[in-house]
Amino acid sequence: MFESYDLTGVFDEMFEAPGAPRPHYAPALERLSRLDATSFQRRRRMADVTFVNQGITFTVYSDKLNVERIFPFDLVPRIITAREWDIIERGLVQRITALNLFCKDIYHDQRILTDRVIDPALIYGAKMFRREMIGFPVPRDIYIHICGTDLVRGGDGQYYVLEDNGRTPSGVSYVLENRTVMKKVFPQLFDDYQVRAIEDYPLNLLNTLSHIAPRHADNPTIAILTPGIYNSAYFEHSFLARQMGIELVEGQDLLVENNFVYMRTTAGLRRVDVLYRRLDDDFLDPLSFRPDSLLGVPGLMNAYRMGNVSLANAVGTGVADDKAIYPFVPDMIRYYLKQEPILPNVPTYVCARDTDRKFVLENLDKLVVKATNESGGYGMLMGHQATQTEREKFAELIREDPRNYIAQPIVELSQHPSAIDEGGKLRFEGRRIDLRPYILSGDKVIVMPGGLTRVALRRGSLVVNSSQGGGSKDTWVLEE
Amino acid sequence: MDLMIPTEESALRRPLLSRVADSLYWMSRYVERAEHVARGLRITTNLLMDVGDLPDELYDRQWLSLLSLVGATLPDSPGDVGSRVTRTLSFDAGCNGSLVSSIANARENARAVRSEISAEMWETINAAYWTIRSDEARQKFEEQPEEFYTSIINVSMLFQGQTEETLPQSQRWMFVRLAKALERIDMTCRIVQARLDAFEEVEDALDAPLRTIQWMSTIRMCCGIEAYRRRFMADFDPLKVAGFIILEETFPRSIRFNVSEALDAISRIRKLTTPETIDPAERVLGRLDADLDYADLSEIARVGFREYLKSVQSRVHEAGVLVQQTYFLK
């Protein structure tokens, strides 16, 4: 099924040259090559059935029918060597350390603005900058407790940071479930490798959350705050609650009295000390943010500011993952840590800068333009694929509100063999991938070995988001 | 930070969100409800094959009586009464209480408390949901209806067994158990009433074998034919059948048995939540339990089964409302 495999000229994770696998992929290639299409299909169905039965689905909203779909799972694992991972891990630890220092600085002394490393206008213009947080000491000075940082590999084989998700990154449940399913459908293949375990993530997450409990709470009650059953990530919220053995609460389950947060239980009110909230800042507290939010808890911000409840992630971390701030993360690393960044950014043009904007407007057909306050693959222009009209529309948008746009050269994401089924005929083809490792900042910084590898399953597509037809695969970090 | 291993005491006292208790309660009721409707359909299908030629009116009445199990009305669709009733009660998503809507409701509630129940329970109800919406289910319904109904009954049996075998006996389990018992009492009252609707007026006109068959199917619908035979052998005297369904102390589907189950569950819940008080639902169930303990079958017969069951039903309904007020609306 590898006979017609096309290297297409971009970085291929498995092959160095046609027919020549990279050494760490050789055993996997050998085993996969020995499989016939029928037996591969059987495993694939087995995996799909497992996802459906466990209810690992997300809901697609169309006209009338809400269809539940599984997140497409690609059975060919992505494998990362220990040496490569070591660099990634150090790079991510360095990055999250700087980002947390940045949040603290921005909401307190603002040295980085006074020293003109970052233009204050960029910060004050950030939609996610929360004035409510100024001067408020968050527990243990940690703002971003859970971070999902998206990495891509360019044509040069180098990993680049594409973006940091420092608000409520999702996908970690798929990482854990993908692993479980892989072990089930490919036990021998899994056995061929010494893969680093990821199963301690829930415990690490729980410890990270306990670490920020208010000091008055001896045996803190920790809960996950979910927007509810209709949220597309509901499975993940309930999965994590189950894995950690903590409550899964909705806004309607909570109330604030005398600046403490309580949940409504069959035995009356019960104090809650830590909330891992999977709700954006905007929806947290209708008294402080969007007054029309029915998902949040009135008075929660006051309880938070009084130190009576801890929130993970902290309110206001969106300022650190704003796409217009992202270009400055390497500067933050140099400024706060006096180190050179281990993982480079993708070169980025900030449209708020006159010279950058001029360049962007002249080169729209070669660039990817992104709205700074959007995520999930929305508000994007892929210059080379766009029509002239679309490009003109974006040029207009950029001129109107330059702060809201950045542009990057098109990163030729690396490709990885994926099992592609066309009309019942199965073969392996290269598909573009990225990688989202998860980083926990508590007592110490812990990077989950691996993370979510997302695949753009449409041929030639560079967009890996699940909302845009992406799938995922298991990611193996080798012991040595 | 070290993680504490909770003691047995604190594990039992672990708080239970009111919303979660509410969902567990309804999940359990819908599963139980689906089982009764499926059994009603199965027994009626089977019964009508046994009795041979009945007058049309009596034949239709057997089917129509089933609609009262869920308070549904006969839809305006083509076909004979039997197929309209079975189709509605099986697949009409708009009919509250149909198999497809009970399974969907049970699953919706289970999904909302996915982190509070076991994987086994969840996967059973989730798989049942996908199955009943599949073409295979329709096909089975057309070709082997009894087998289709049995598969639904087995979903409930499996789910309840898994509940017993996997869910710690904390408040969660007690709410599931309470709901199951309350639903079973209500459905049992409805079944006996429906059976009386089906043939009471014409009972005298039926010949002896037909009368026996009618009463046998009543006890069948309560899943008690074997237990009954072991107790009374083949004597299907109406008084004995009704007495068995209402008062049999050891039969897990009798009304008395389930009132005492519900009472036990609610009093344990109360002890874990508000130990110093008397729970209003517990009071209602406690009184009903005592009434049943000291009931006299001939007295019940004098009042009339229908009347007696109606009063049981309304007291159980009251208990249900009180449970919601006390625990879910906090």
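*Asks:* Help me out: how do you make sense of the overall build of chain A in this one?
*Replies:* A count of helical and extended segments in chain A gives 14 helices and 24 strands. Here chain A has a C-alpha radius of gyration of 23 Å; the compact-globule value for 480 residues is 23 Å, and the two agree. For chain A, the spread of C-alpha atoms along the principal axes amounts to about 70 × 60 × 50 Å. The buried share among the 480 residues of chain A stands at 60%. The contacts in chain A between residues at least 6 apart in sequence include a share of 68% that link residues at least 24 apart. If you sum the accessible surface of chain A, you get close to 19,400 Å²; carbon and sulfur atoms cover 49% of it. Between the centroid of the 57 positive side chains of chain A and the centroid of its 64 negative side chains there is a distance of 1 Å.

*Asks:* Sorry, what's going on with the overall build of chain B here?
*Replies:* When helices and strands are counted, chain B shows 16 helices and zero strands. Compactness check: chain B gives a C-alpha radius of gyration of 21 Å against a globular reference of 20 Å for 330 residues, within 12% of the reference. With respect to the principal axes defined by its C-alpha atoms, chain B has extents near 75 × 50 × 35 Å. Of the contacts formed within chain B by residues at least 6 apart in sequence, a portion of 69% connects residues at least 24 apart. Side chains of chain B carry 40 positive and 51 negative charges; the gap between the two charge centres is 4 Å.

*Asks:* Even after reading the chapter, I still don't get unusual backbone geometry, so can you show me in this structure?
*Replies:* Peptide bonds are mostly trans, and most non-glycine residues show a negative phi. Residue and element names in this part refer to chain A. Cis geometry marks the peptide bond from A312 to N313; its omega dihedral reads -10 degrees. By the element assignment, N313 lies in the loop between β14 (310-312) and α12 (329-337). For T8, which is not glycine, the phi dihedral falls at a positive 50 degrees. With respect to the secondary-structure elements, T8 resides in the segment before β1 (15-17).

*Asks:* When you look at the pairing of strand β7 (residues 159-165) of chain A in this model, what are you seeing that I'm missing?
*Replies:* With seven of seven residues buried, β7 of chain A is to be regarded as a mostly interior element. From the end of strand β6 (residues 146-153) of chain A to the start of β7 of chain A, which pair antiparallel, there are five residues, and G157 of chain A there has a positive phi angle of about 80 degrees.

*Asks:* Explain the sheet that holds strand β8 (residues 222-226) of chain A to me, please; I cannot follow it from the model alone.
*Replies:* Consider a sheet: its strands pair through backbone hydrogen bonds, and that pairing is either parallel or antiparallel. Residues and elements named next belong to chain A. Taken in spatial order, the four strands line up as β9-β8-β13-β14 in an open sheet, and their pairing is parallel. The sheet is open, and its two edges are formed by β9 (247-250) and β14, each paired on a single side. The average undirected angle you get between the axes of adjacent strands in this sheet is 30 degrees. With three bridges joining them, strand β13 (residues 274-277) and β14 adopt parallel strand pairing. Each residue of the ladder has a partner; that of V274, found in β14, is S310.

*Asks:* Looking at this model, I keep getting lost on the pattern of salt bridges. Mind explaining?
*Replies:* Pairing of side chains with opposite charge becomes possible as their charged atoms draw close. All names here are of chain A. Scanning the model with the defined rule gives 61 salt bridges over all chains in all. We note a salt bridge from R78 to E13, for which the minimum N-O separation is 3.6 Å. Within this pair, whereas R78 is found in strand β5 (residues 73-80), its partner E13 is found in the segment before β1, the two being separated by 65 residues in sequence. The exposure class assigned to R78 is buried, which follows from its relative accessible area of 2%. We classify E13 as buried; its relative accessible area is 2%. Overlapping salt bridges bring together E422, R427, E429, R431 and R459 as one network.

*Asks:* I tried to follow the sheet that holds strand β12 (residues 268-271) of chain A on my own but got confused; where do I start?
*Replies:* Residue and element names in this part refer to chain A. Spatial ordering of the open sheet is given by β10-β11-β12, a layout of three strands whose pairing is antiparallel. The open sheet has two free edges, formed respectively by β10 (254-257) and β12, since each of these has just one partner strand. Taken over all neighbouring pairs, the strand axes of this sheet differ in orientation by 45 degrees on average, direction set aside. In this sheet, β12 lies alongside strand β11 (residues 260-265) in antiparallel orientation, the contact comprising four bridges. When the bridges of β12 are listed, T265 appears paired with G268.

*Asks:* Where do I start with the domain arrangement of chain B in this structure?
*Replies:* When the parts of a complex come together, some accessible area is lost, and that lost area is often taken as the interface size. Residue and element names in this part refer to chain B. Each domain of chain B was delimited in the assignment, giving domain 1 (16-167) and domain 2 (169-330). Between domain 1 and domain 2, the C-alpha centre-to-centre distance is 20 Å. On the domain 2 side, the residues contacting the 37 residues of domain 1 number 38 residues. Buried area between domain 1 and domain 2, summed over both chains or domains, comes out near 3,500 Å², and the portion from carbon and sulfur atoms is 61%. The tally of links from domain 1 across to domain 2 stands at six salt bridges. Between E35 and R253 there is a salt bridge whose closest N-O contact spans 2.7 Å. Where domain 1 touches domain 2, the interface holds 15 residue pairs in polar contact (both at pLDDT 80 or more). Elements with a minimum of two residues in the side of domain 1 that touches domain 2: α2 (18-50), α3 (56-67) and α8 (145-166).

*Asks:* Which parts of the structure should I look at to understand helix α2 (residues 37-53) of chain A?
*Replies:* Because the α-helix completes a turn every 3.6 residues, residues three or four places apart line up on one side. Residues and elements named next belong to chain A. For α2, spanning 17 residues, the distance from its first C-alpha to its last is 24 Å, which sits close to the expected 24 Å at 1.5 Å a residue. Of the residues making up α2, those classed as buried are S39, F40, Q41, R43, A47, T50 and F51. With a side-chain oxygen positioned 3.2 Å from the backbone nitrogen of T38, the residue opening α2 is D36. Looking one or two residues past α2, G55 carries a phi angle of roughly 75 degrees, positive in sign.

Parameters and conventions
- Residues numbered from 1 in each chain as written.
- Chains lettered and ligands numbered in written order.
- Predicted model: local features only at pLDDT ≥ 70, side-chain atom pairs only at ≥ 80, totals over all residues.
- Heavy atoms only, no water.
- Helix = DSSP H or I, 4+ residues; strand = E, 2+ residues; numbered from the N terminus.
- Rg over C-alpha atoms; globule rule 2.2 N^0.38 Å.
- Buried < 20%, exposed > 50% of the residue type's maximum accessible area, 1.4 Å probe, protein only.
- Contact = heavy atoms within 4.5 Å.
- Areas by Shrake-Rupley, 256 points an atom, 1.4 Å probe, with all protein chains shown as cover.
- Lys, Arg positive; Asp, Glu negative; His and termini not counted.
- Charge placed at Lys NZ, Arg CZ, Asp CG, Glu CD.
- Pairing = 2+ DSSP bridges.
- Axes fitted to C-alpha atoms, helices over the stretch in contact; angles between N-to-C directions.
- Salt bridge = Lys/Arg side-chain N within 4 Å of Asp/Glu carboxyl O.
- Domains from an automatic or database assignment.
- Buried area = accessible area lost by both parts, 1.4 Å probe.
- Polar contact = N/O pair within 3.5 Å; in protein donor to acceptor, adjacent residues only side chain to side chain.
- Expected span 1.5 Å × (residues − 1).

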